[in-house]
Amino acid sequence: MTVSNTDTRLRTAAAALCIFLCYAGGIANAETSLHVQAERSDTTEVTARFIVRAESVEAAASAVKAVGGTVTHELGIIRAVSATLNAAQLRALRENPAIQRISADSNVRAMTL
């Protein structure tokens, strides 16, 4: 059986994807531990970055500011903001019915093959 150039390229791309996913998983785990720290902390000293989504960017930003959080970026395409929050601020946002979703924010990097 002969292996074509297409097969070789597909196998190479699949291997690169596996390596990337393992690497990204390690980054995600490190980032998540910071978010867990922020969520469990009773002090305002530990903060983490979160993506806060609502009906509009304005609604998300308003909710973050109302609990004392800091808006760091507006993410118009997904009607959300990136925000720095401590545990108390995060808990308050989770109780706000205007907030559709809160997720951990992390750095994303483009990779080339």
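Computed from a predicted model, the values in this text were never measured in an experiment.

(A) Local environment of the sheet that holds strand 2 (residues 70-75). An order of 2-3-1-4 is seen for the four strands of this open sheet, with the pairing classed as antiparallel. What marks the edges here is a single partner per strand, and that holds for strand 2 and strand 4 (99-104). Pairs of neighbouring strands in the sheet enclose a mean axial angle of 30°, with direction left out of account. This element, helix 2 (residues 57-66), spans strand 1 (47-54), strand 2, strand 3 (80-86) and strand 4 of the sheet and lies at about 10° to strand 3. Helix-sheet contacts for helix 3 (residues 87-94) involve strand 1, strand 3 and strand 4, and the interaxial angle to strand 3 is about 135°.

(B) Quick peek at the nonpolar core. With 15 residues, the main nonpolar core has Val 52, Val 64, Val 81, Leu 85, Leu 93 and Ile 99 as its most contacted residues. The leading source of residues in this core is helix 2, at five residues. Excluding residues within four positions of it along the chain, Val 81 makes contact with Phe 50, Ile 51, Val 52, Val 57, Ala 60, Ala 61, Val 64, Val 71, His 73, Glu 74 and Leu 75.

Rules of the game
Starting from 1, residues in each chain are numbered consecutively following that chain's sequence as written. In keeping with the predicted nature of the model, local features appear solely for residues at pLDDT of at least 70, side-chain atom pairs appear and are counted solely at 80 or more, and the whole-chain, interface and lining totals rest on all residues. The side-chain figures draw on all heavy atoms in the structure; neither hydrogens nor water molecules are used. Any two strands between which DSSP finds at least two bridges are classified as paired. Helix and strand labels come from DSSP, where a helix needs a run of H or I of at least four residues and a strand needs a run of E of at least two; each type is numbered from the N terminus. Structural elements are reduced to axes, namely lines fitted to C-alpha atoms, with helices fitted over the stretch in contact, and the angle between N-to-C directions of any two is expressed from 0 to 180 degrees. Only heavy atoms enter the contact rule, under which two residues are in contact if any of them lie within 4.5 Å. Here the nonpolar core consists of buried residues drawn from Ala, Val, Leu, Ile, Met, Phe, Trp, Tyr and Cys, with membership extended through side-chain atoms lying within 4.5 Å. Relative accessibility decides the category of a residue: with a 1.4 Å probe and only protein chains considered, values under 20% of the type maximum give buried, values over 50% give exposed, and everything between is partly exposed.

Everything listed is a geometric property; what it means functionally is a separate question.
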